[in-house]
Each structure stands twice: as structure tokens, then as C-alpha cells.
Amino acid sequence: MQCIINRRAEFSASHRYWLPELSPEDNQQRFGACTRFPGHGHNYELYVSMMGELDDYGMVLNLSEVKHTIRQEVIDPLHFSYLNEVWPEFQETLPTTEAMARVIWNRLAPHLPLVKIQLFETPKLWAEYEGTGMNAFLTVGTHFSAAHRLALDTLSYEENCEIYGKCARPHGHGHNYHLEVTVSGEINPRTGMIVDLVALEQAIADHVVEPFDHTFLNKDIPYFKTVVPTAENIALRIADLLQTPIDQLGATLHRIKLVESPNNSCEILCDQRTTRPRDSQQLAQVPVLR
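In this text the structure is predicted, and so the values were computed from the model without any measurement.

Asks: Which residues make up the overall build of the protein chain, and what are the values?
Replies: Within the protein chain, the secondary structure is distributed over ten helices and ten strands. With the principal axes as the frame, the protein chain shows a C-alpha extent of 65 × 60 × 30 Å. The buried share among the 290 residues of the protein chain stands at 46%. Pairs at least 24 residues apart make up 68% of the contacts formed inside the protein chain by residues separated by at least 6 positions. Summed over its atoms, the accessible surface of the protein chain is roughly 15,300 Å², and 50% of this surface lies on carbon and sulfur atoms. With 24 positive and 37 negative side-chain charges, the protein chain shows a spacing of 5 Å between the two charge centroids.

Listed below in C-alpha cells is the structure:
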């Protein structure tokens, strides 16, 4: 039987985004505060995923040996290092999160049966690499606070309560939503980036966070006057709002994850979407659950 196991490790390191062939002004425009000398640091979290058959001892791999390999090949060289100078790969490509994930894969692949490398630069920025050439994934996390009510105008209060429970109460209720936006694309061999991170974060702020934050979604966002703002429908709407801006940045919108509460979240795989949310007129044809 095939089984995937995961090993976590961590290291602290610094890096700087600076291309000597660019002027100081161009570097500043591209990389913002990340250009500042002598660099800045992060507490990185690394997750190494491996797959294999279970052996007679009930293991895919001996975790002590896995730990030793990861430490020897990755952690010891990188911990408390200046990333731009520690490995020759980063003389050619800036040590961005996505570029680092790819290089770490290449360092570990001769020794371990890898299926995925996941590298967290911060809790709200991480990359995933699965051994697919220069293609990788980058996730940006953010948040907004909003209120909503789950109810259909075509149904009575009692009928709405049967479908949506307490969420149908007339004055609504609020959430601190956590949003994760994952894009995919090819790592630029010089900048190390899938996408301009500053521009990506600005697009998310402009098209989602600022319009949605501190609103009553049903009343303040025209789209949700006819579409019930469930977490699923909100995530679908966010995917629609970000599709074109992310296309224009040269990346592909891969996934939207919306965390409504510690107990409830949903994910939209954007390249697999085939259905659209139904508006209140369409939902009026759906039988009430009893």
C-alpha cells in the first residue's frame, strides 16, 4: 500500500531581493522594502512530503534517517545563513519562497521519494513545489471582517430557519474571514518569482479585501442581493473577481480557500470550476428541506 508521510523542519535565515543589473530605482520599484541592505530574515517552516510502500515494520521510511537527511542537506547549510550566498543556485536566482522550495526539492530528491515540498516564509506566505520543472504554487493569506445572513427572500422565516438554522436570523451575524489565494506559474529563472508579489497582494486588496471588509454582504455588495452569501458562494465570487487581475499578472489562479470560522471552511479549485452559484429565483425552485 502506498502511503504519504510528512516531516516538518524549521530554520532561520535572511535574504535580500536585489539584481545588480538593475538600477536602484528599478530594484525598488520591483521589490519594495525587500531591497533594503543588508537584507531581512524569516523563521521558515519546511514540510517534506514523501511517498512509498509500507515495509515490514509498518513504515514508509525510517524517520530518524529522514530527519538526518533533511538536516544534513538543508537545515544545517541554511540555518542562520544569508541565503543569497549560501548556495550557488541563489547566485543565479533570487531566494524567493518559490525558488527556495524548488532548490530544496532538487537537494533532497536524490535521497528521498519526494511528492511535495511546502515552504512557509510567514504564516501568510508560502510556496509548494511538486517536481514539475519550473512550475510552482504560491499562496498569499489575508483577512477581512464582514456580516451576512443566510436566507432566501422567496421563503418564509420558518422555512429559511429549516435550511440555514441560526444563520437565518433577521439581523445577520459576522465573521473574521481568513482568505488564502493560491496562484501557479513558472518560476522566473532570474527573479525567482511566479508573479510580482506586491502586485498580487494589491490586486487581492483592491478587488476583495477593501470592497468586502466591514460590510453587511447581503446589503452592501450588489452581487449578494440575489445570491446567498454562504462561504461557498463568497469563495466563488472571490474567484471570479480575481481571475482577470491574476491573468493580467501572468499567473494562473489555482485555488481559493475561505475560512469562515475555526470549524468551517471551503476551497475552490479554480481550474476545475464547472458550476455557478444559483440566484434567489433559481433557488426558489429547490424544495425546502424538512
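Asks: Which residues make up the pattern of salt bridges, and what are the values?
Replies: Per the stated rule, a full pass over the model turns up eight salt bridges. Arg107 is the partner of Glu89 in a salt bridge, and the nearest nitrogen-oxygen pair spans 2.9 Å. Linking Glu89 in helix 4 (residues 89–92) with Arg107 in helix 5 (residues 97–108), this pair joins segments that are 18 residues apart in sequence. A relative accessible area of 28% means that Glu89 is categorised as partly exposed. One salt bridge in this structure joins Glu128 and Lys116, with 3.8 Å as the shortest N-O distance. With a gap of twelve residues between them, Glu128 in strand 5 (residues 125–129) and Lys116 in strand 4 (residues 114–122) connect regions that are remote in the sequence. The network of salt bridges with common partners includes Arg8, Glu10 and Glu45.

Asks: Run through unusual backbone geometry, naming residues and quoting values.
Replies: Along the chain, Phe37 connects to Pro38 via a cis peptide bond; the corresponding omega equals 5°. Relative to the elements of secondary structure, Pro38 occurs in the loop between helix 1 (24–31) and strand 2 (40–53). Non-glycine residue His214 carries a positive phi angle of around 55°. Mapped onto the secondary structure, His214 falls in the loop between helix 7 (197–212) and strand 8 (215–216). Its relative accessible area of 67% is what places His214 among the exposed residues.

Asks: Give me the packing of helix 7 against helix 9 (residues 231–248): which residues, what numbers.
Replies: Between helix 7 and helix 9, the least distance of the axes is 10 Å, while the angle of their chain directions is 140°. Our pair here, helix 7 against helix 9, has a crossing hand that is right-handed. Judged by residue contacts, Leu200, Ala203, Ile204, His207, Val208 and Phe212 of helix 7 engage Ile234, Arg237, Ile238, Leu241, Leu242, Pro245 and Ile246 from helix 9. Taken together, the residues of the contact of helix 7 with helix 9 sort by class into eleven nonpolar, one polar and one charged.

Asks: So what about the packing of aromatic side chains? Which residues, and what values?
Replies: Enumeration according to the criterion identifies ten aromatic pairs in this entry. An angle of 15° between the planes, with centres 4.9 Å apart, marks the rings of Phe11 and Tyr44 as stacked. Taken together, the residues Phe11 in strand 1 (residues 2–15) and Tyr44 in strand 2 connect sequence positions 33 residues apart. Ring geometry for Tyr47 and Phe120: centres 5.9 Å apart, planes at 70°, overall edge-to-face. With Tyr47 in strand 2 and Phe120 in strand 4, this residue pair connects regions lying 73 residues apart in the sequence. For Phe120, a relative accessible area of 16% puts it in the buried group. Sitting over the face of the ring of Trp87, Arg107 holds its NZ or CZ atom 4.2 Å from the ring centroid. A cation over an aromatic ring shows up here: Arg237 above the ring of Tyr223, its NZ or CZ 4.3 Å from the ring centre.

How each quantity is defined
Here, residues in each chain are numbered from 1, in the same order as that chain's written sequence. Only residues with pLDDT of at least 70 get local features here, since the model is predicted, and only at 80 or more are side-chain atom pairs given and counted; chain-wide, interface and lining totals rely on the full set of residues. Side-chain numbers here rest on the full set of heavy atoms in the structure, without hydrogens or water. Helix and strand assignments come from DSSP, with helices taken as H or I runs of at least 4 residues and strands as E runs of at least 2, each series counted from the N terminus. Between buried and exposed lies partly exposed: a residue is buried under 20% and exposed over 50% of the maximum accessible area for its type, with that area taken using a 1.4 Å probe on protein chains only. Contacts are assigned to residue pairs with any non-hydrogen atoms lying within 4.5 Å of each other. Using a 1.4 Å probe, accessible areas were evaluated by the Shrake-Rupley method; residue-level cover was limited to the displayed protein chains. All tallies of charge rest on Lys and Arg as positive and Asp and Glu as negative; His and the ends of each chain are not included. A charged residue contributes its charge at one atom only: NZ of Lys, CZ of Arg, CG of Asp or CD of Glu. Each salt bridge in this description consists of a side-chain nitrogen of Lys or Arg and a carboxyl oxygen of Asp or Glu lying within 4 Å of one another. Helix axes use the C-alpha atoms of the stretch in contact, all axes being lines fitted to C-alpha atoms, and the angles between their N-to-C directions lie in the range 0 to 180 degrees. Crossing handedness is defined as follows: a turn of the near helix away from the far one that is anticlockwise and smaller than a right angle gives a left-handed crossing, while the clockwise case is right-handed. Just so you know the grouping, Ala, Val, Leu, Ile, Met, Phe, Trp, Tyr, Cys and Pro go in nonpolar, Asp, Glu, Lys and Arg go in charged, and all remaining residues, Gly too, go in polar. Only rings of Phe, Tyr and Trp enter the pairing, Trp through its six-membered ring, and a pair is recorded when the two centres are within 6.5 Å. The plane angle decides the type: under 30 degrees is stacked, over 60 is edge-to-face, the rest tilted. Either the NZ atom of lysine or the CZ atom of arginine qualifies as a charge over a ring when it sits within 6 Å of the ring centre and within 35 degrees of the ring normal.

Taken by themselves, the reported measurements are silent on function.
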